[in-house]
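Listed here are the chains, written in short residue letters.
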Amino acid sequence: MDFGFSEENEAFRAEIRAFIAENVSPEIVQEMHDGTQGAGIGPLTKDLIHKIGQRGWIGMSWPEEYGGRDADIIDQYIFEEELARARVPLNLGNFIEQAPAIMNAGTEAQKQYFLPRLVRGDVTFALGYTEPSGGTDLASLKTRAVADGDDFVINGQKVFTTRAESSSHIYLMARTDPEAPKHRGISIFLVPMDTPGITVRPLWTLPGGRTNEVFLEDVRVPKESMLGAENEGWNIGASALNLGRAGARRYCIYVSPFEDLLKYLQTDDLGRDIARDPVVRDKVAELYCEAQVARLFTMRSLSMVRRGQNPPYEISSEKIWGPEFQVRTTEAASQILGPYHQLWEGEAAPNGGSFPRQYVNAMVSTFGHGSTQVMRTAIARRGLGLPRE
Amino acid sequence: MDVLLNEDEEMIRDGVRRFFDAECSPDRVRGIEDGGARTDPELWRQLAELGWLGLALPSVYGGGEAPFTQLTVLFEEAGRALAPVPLHPHVVTALALAEAVGRGECGPLAATLVSEACVGDSLLTWAWSERLPGMGPETIELSATADGNGWRLNGHKGMVEAFEIAGHCLVAARTQTGGSANGGLTLLLVAPNAPGVSAVARRTLAGDFQSEVHFDNVYVDGDGLVGRVDEGWDLARPMLQRAMVLNCAMIVGATRRAAERAFDYAKERHAFGHPIGSFQAIQHTCADMITWVDGAELLTREAAWHIAQGSDAGLAAAAAKAFTNERCQAVLREANQIHGGYAQVREYDQQLWYRRAAAWSMRLGTSMEHRRAVAQALEL
Ligand SMILES: Cc1cc2nc3c(=O)[nH]c(=O)nc-3n(C[C@H](O)[C@H](O)[C@H](O)COP(=O)(O)OP(=O)(O)OC[C@H]3O[C@@H](n4cnc5c(N)ncnc54)[C@H](O)[C@@H]3O)c2cc1C
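Calculation rules
Throughout, a residue's number is its position along its own chain's written sequence, starting from 1. Written order determines the labels here, with chains lettered from A and ligands numbered from 1. pLDDT decides what is reported in this predicted model: residues at 70 or higher carry local features, side-chain atom pairs at 80 or more are listed and counted, and totals for whole chains, interfaces and linings draw on all residues regardless. Excluding hydrogens and water, the side-chain figures rest on all heavy atoms present in the structure. Under the scheme used here, helices are H or I runs from DSSP no shorter than 4 residues and strands are E runs no shorter than 2 residues, and both carry numbers assigned from the N terminus. It is over C-alpha atoms that the radius of gyration is taken, and the globule rule equals 2.2 Å times the number of residues to the power 0.38. Exposure is judged per residue with a 1.4 Å probe applied to protein chains only, and the accessible area is read against the type maximum: over 50% gives exposed, under 20% gives buried, and values in between give partly exposed. Contacts are residue-level and defined by heavy atoms, with any inter-residue pair within 4.5 Å sufficient. For the accessible areas, the method is Shrake-Rupley and the probe is 1.4 Å, while residue cover comes only from the protein chains on display. Charge counting follows a simple rule: Lys and Arg are positive, Asp and Glu are negative, and His as well as the terminal groups are ignored. We put the charge of a Lys on NZ, of an Arg on CZ, of an Asp on CG and of a Glu on CD. For each residue, the test is whether any non-hydrogen atom lies within 4 Å of the molecule or strand; if one does, the residue is near. Nitrogen and oxygen atoms within 3.5 Å of one another constitute a polar contact, given that in protein one can donate a hydrogen and the other can accept it, and given that sequence-neighbouring residues count only through two side-chain atoms. The start and end points of each domain follow an automatic or database-based domain assignment. What we call a nonpolar core is a set of buried Ala, Val, Leu, Ile, Met, Phe, Trp, Tyr and Cys residues that are connected through their side-chain atoms within 4.5 Å. Accessible area, probed at 1.4 Å, shrinks when two parts are joined; the buried area is that loss added up over both. Note on definitions: salt bridges are taken to be side-chain nitrogens of Lys or Arg within 4 Å of carboxyl oxygens of Asp or Glu. Stacked, tilted and edge-to-face pairs are distinguished by plane angle, under 30 degrees for stacked and over 60 for edge-to-face with tilted covering the rest, among Phe, Tyr and Trp rings (Trp via its six-membered ring) whose centres lie within 6.5 Å. Criterion for a charge above a ring: Lys NZ or Arg CZ within 6 Å of the ring centre, and within 35 degrees of the ring normal. Orientation is described by axes fitted as lines to C-alpha atoms, over the contacting stretch for helices, and by angles from 0 to 180 degrees between their N-to-C directions. Roughly parallel here means an angle under 35 degrees, roughly antiparallel means over 145, roughly perpendicular means 65 to 115, and every remaining angle is called oblique. Helix crossings fall into two classes, left-handed where the near helix is turned counterclockwise from the far one by less than a right angle and right-handed where it is turned clockwise. For this scheme, ten residues count as nonpolar: Ala, Val, Leu, Ile, Met, Phe, Trp, Tyr, Cys and Pro. Four count as charged, namely Asp, Glu, Lys and Arg, and the remainder, Gly too, count as polar. Strands were regarded as paired on the criterion that DSSP finds at least two bridges between them.

Caption draft 1: Quick look at the overall build of chain A. Assigned secondary structure in chain A consists of 14 helices and 8 strands. Against the 2.2 N^0.38 benchmark of 21 Å for 389 residues, chain A shows a C-alpha radius of gyration of 21 Å, consistent with a compact globule. With respect to the three principal axes, the spread of C-alpha positions in chain A is 70 × 50 × 45 Å. Counting across all 389 residues of chain A, residues that qualify as buried make up 54%. Long-range contacts, defined here as pairs at least 24 residues apart, represent 68% of the contacts in chain A between residues at least 6 apart. Carbon and sulfur atoms make up 51% of the accessible area of chain A, which totals about 16,500 Å². If you average the places of the 41 positive and of the 52 negative side-chain charges in chain A, the two averages end up 4 Å apart.

Caption draft 2: Geometry of the site of the ligand. Close contacts around the ligand come from Leu127, Tyr129, Thr130, Gly134, Gly135, Thr136, Phe160, Thr162, Phe367, Ser371 and Gln373 of chain A together with Gln280 of chain B, and that covers them all. Within the contact set of the ligand, an oxygen atom lies 3.1 Å away from a backbone nitrogen or oxygen of tyrosine 129 of chain A. The contact in question runs from a nitrogen atom of the ligand to an N or O atom on the backbone of phenylalanine 160 of chain A, over 3.1 Å. With the chains in place, 64% of the 980 Å² that the ligand exposes on its own is no longer accessible. Split by domain, the shell around the ligand shows at least three residues from each of two domains, domain 2 (125-230) and domain 3 (245-383) of chain A.

Caption draft 3: Looking closely at the nonpolar core. Phe20, Leu71, Trp126 and Trp128 of chain B are the most contacted members of the largest nonpolar core, which has 181 residues in total. By residue number, the principal contributor to this core is helix α7 (residues 233-268) of chain B, which donates 21 residues. With 24 residues, the next largest nonpolar core counts Ala101, Leu127, Met173 and Ile186 of chain A among its residues.

Caption draft 4: A look at the interface of chain A and chain B. Taken together, the contact pairs 46 residues of chain A with 47 residues of chain B. Note on chain A versus chain B: buried area summed over both sides is about 4,400 Å², and carbon and sulfur give 66% of it. Residue aspartate 282 of chain A pairs with arginine 371 of chain B through a salt bridge whose shortest N-O separation is 2.9 Å. Of all the secondary structure elements, the ones that give two or more residues to the side of chain A that touches chain B are α8 (248-267), α10 (278-306), α11 (314-337) and α14 (372-383) of chain A.

Caption draft 5: Looking closely at the domain arrangement of chain A. Residue and element names in this part refer to chain A. When the domains of chain A are assigned, the result is domain 1 (7-90), domain 2 (125-230) and domain 3 (245-383). Domain 1 puts 6 residues into the contact, and the matching count from domain 2 is 6 residues. Across the interface of domain 1 and domain 2, roughly 400 Å² is buried in total on both sides, 47% from carbon and sulfur atoms. Inspection of the region where domain 1 meets domain 2 yields 0 salt bridges.

Caption draft 6: Layout of the packing of aromatic side chains. One pass over the structure, following the stated rule, counts 18 aromatic pairs over all chains. A ring pair is formed by tyrosine 113 of chain A and phenylalanine 114 of chain A, whose centres lie 5.0 Å apart and whose planes are at 85°; its orientation type is edge-to-face. Classification of phenylalanine 114 of chain A as buried rests on a relative accessible area of 6%. Put simply, the rings of Tyr113, Phe114, Phe125, Tyr129 and Tyr171 of chain A touch in pairs and so form one group of aromatic residues. Between the NZ or CZ atom of arginine 328 of chain A and the centre of the ring of tryptophan 321 of chain A, over which it lies, the distance is 5.0 Å. Of note, arginine 38 of chain B hangs over the ring of phenylalanine 209 of chain B, and the distance from its end group to the ring centre comes to 3.7 Å.

Caption draft 7: Layout of the side chain of threonine 69 of chain B. One can find threonine 69 of chain B in helix α4 (residues 68-81). A relative accessible area of 5% places threonine 69 of chain B in the buried class. Setting aside its immediate chain neighbours within four residues, threonine 69 of chain B contacts Met1 of chain A together with Glu9, Ala304, Trp305 and Ala308 of chain B.

Caption draft 8: Molecular detail of the packing of α4 of chain B against helix α5 (residues 87-102) of chain B. All names here are of chain B. Taken N-terminus to C-terminus, the directions of α4 and α5 make an angle of 165°; their axes are 12 Å apart at the nearest point. One element, α4, and the other, α5, form an angle in the roughly antiparallel class. When you trace α4 past α5, the crossing you get is left-handed. Contact with α4, carried on its side by Phe68, Leu71, Phe75 and Ala78, involves Leu87, His88, Val91 and Leu95 of α5 and no other residues of that element. Residues of the contact of α4 with α5, tallied by class, amount to 7 nonpolar, 1 polar and no charged.

Caption draft 9: The arrangement of the pairing of strand β4 (residues 168-174) of chain B in detail. Residue and element names in this part refer to chain B. Counting buried positions along β4 gives 7 out of 7 residues, so the element sits mostly inside the fold. Burial of β4 is two-sided: the residues His168, Leu170, Ala172 and Arg174 facing one way and the residues Cys169, Val171 and Ala173 facing the other way are all buried. Two strands pair when backbone bridges link them, and strand β1 (residues 124-127) and β4 are joined in this way by 4 bridges, in the parallel orientation. When the bridges of β4 are listed, alanine 127 appears paired with valine 171. Summarising the sheet, β4 and strand β5 (residues 185-190) pair through 6 bridges and their orientation is antiparallel. Residue pairing for β5: cysteine 169 is matched across the bridge by valine 190.

Caption draft 10: Highlighting helix α11 (residues 367-377) of chain B. Within α11 of chain B, the full set of buried residues consists of Ser367, Glu369, His370, Arg371, Val374 and Ala375 of chain B. Buried residues in α11 of chain B make contact with α10 of chain A together with α7 and α9 (314-339) of chain B. Positive phi appears at glutamate 379 of chain B, one or two residues downstream of α11 of chain B, with a value of about 55°.

Below you can see the structure in the form of structure tokens.
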């Protein structure tokens, strides 16, 4: 057991920190924030993605031929951790989840086209998984892709398609064989968002961010836009999803409300007075212990992946513990800060009103990307070998 | 960074588990408890022979000089097997003596005891807590007043493990009052049969014994001094951290076994025509159980790693103990729930793990106390 980072790792961390200090200005952070509110990716943000890409940090643990640098995944973890700490939203380019799928399943032409562009931030994907019929039982999706000569023609609807308004492409799951069992008739398409027949309608979320409905009406795409083999889309998507659940990026999302709360109680005048209460101190210490568990679960998943193991249940544990911890933290914060916690804006609002935003946002983690219920079932069945009914 | 067990640690785990699987059946554990014995001498002899009593002690005294992380794995396995021997007080005390010897802060007695500890010739224990449930230095009131070349002890210790069978007991005493709580403590070696010592052993929930020990003008000579006078906290602090982490390791080991038994039971036991393990409510409970015990294990191992690195483990050990106490109790409770009525029956084995792991979680500081330490370390 080795819970420490090597000198090389620490040197890399210092390099990232220096980069952030030099390149992530308050203006960029503001622009990225506006980006989540529907403004799309602005020029400063795009420039930042370019700079990160130039240094080979986007696809760090990818092979060099695809623009990565074959780095240790620990460096990737450090990279994600440091950017998340600087509150740079790392999912800007979806390079973490979609690129590995393209690397594994893509044709040579797709790899040549997409991977360098993902690294440079020129291509960004919106994720077209969820449909109105349900996100947890994803395989029941109804959007149809019908072969027509050299093309497919796609009809259907997606929902909660975040960043559809600003992404260059959509990573689209559609049914190509309605007769096959539901997991076997699905394919993935990499579709430019400017393809005729795609309409995007905003859905505004509680914290103030934007997601969308995407309507697909006779969207005609060439057969080459399919990723992997026809009707194999489920497996490609599932492996991308499983890996997408781990990593520092998500753990940082889970613990960032706690870190903000702790910092507020440590440094703000009002916060320090509140933190004199032994009951508050007990609660905050409890949350601290639980945050360490979230961090350690991520380190464990990473250790396993790095050893070439496919974690049978550990990533699911991480995906339950972290999100539920995040929700517990925001609820605890609400009772620690009391009336101040409801203030959405204004001088008196702690941290400029970020706490109530985190409060309403936290539970997205508990059902998104594999709900905690489904994760528990997966642990029990896959990890512990408990029987199906 | 690789938080999984390395090859050496896996070897220790597998070797120790194989040994206990063969030698330490639940019946044997039960036999020691039912007979009211303080230890299993044969098992103790075997552990000594295998070199496990001195696993992390310096090689010059016959120890294995293994890193603390390996010792932690050994304790996970001892907890898993419910080994009915006083491994915890013995090793914790021996490590503290070895540290004092290494610093050159004790007489020849301590060095001799470390050598004997490795081969199991002399059983060591320690006495810390008194009236309050807490472990902080402020709880120590037992007084030691200078008398010629030695000290006179007066006062009592509340919970001492294996006291009557120990050769020596390392006692925390107050040699100075009035200063800070950390100051004025001194660690002294006392023989349990010294004149003026009286002890009453009491059964615990775990089925073992804790002694209440009274010291009535007990004389300890200069050779009994371990560490520096009035600065015993210097040695006691890392000793308590090691004790907490090894205690967590035992809790985690036993709790994991209790959970695994429940998972197995859920596969076999039927209700309403189905294995109960096929019901989503039971499945989700099991998922939480493995998640919680894994969390406790990782916190414990990270604290052990800090100790092995020689870095301060105060925060990590407190976090591990606070979490492990509560989450492992929750796992044990759910494991019982899955066993239904059978978890309540003495004849059935599940309770062996439940009672012990639960009792261990009540030792070496409460969750509240350790969270207080966490809050302090966070500079709240
Ligand atoms: C802000 C936001 C952004 C999002 N971004 C994207 C995106 O970019 N792309 C995308 O594709 N999707 C996105 N999603 C969608 C998200 O992935 C889905 O909301 C999620 O998968 C849950 O699906 P659902 O909302 O249809 O709920 P449902 O699937 O209807 O689930 C409802 C409840 O039923 C429970 N449940 C379902 N099945 C079981 C079972 N077998 N056992 C026990 N309980 C069960 C679930 O756990 C949940 O609690 C986003 C959602 C939000 C809110």
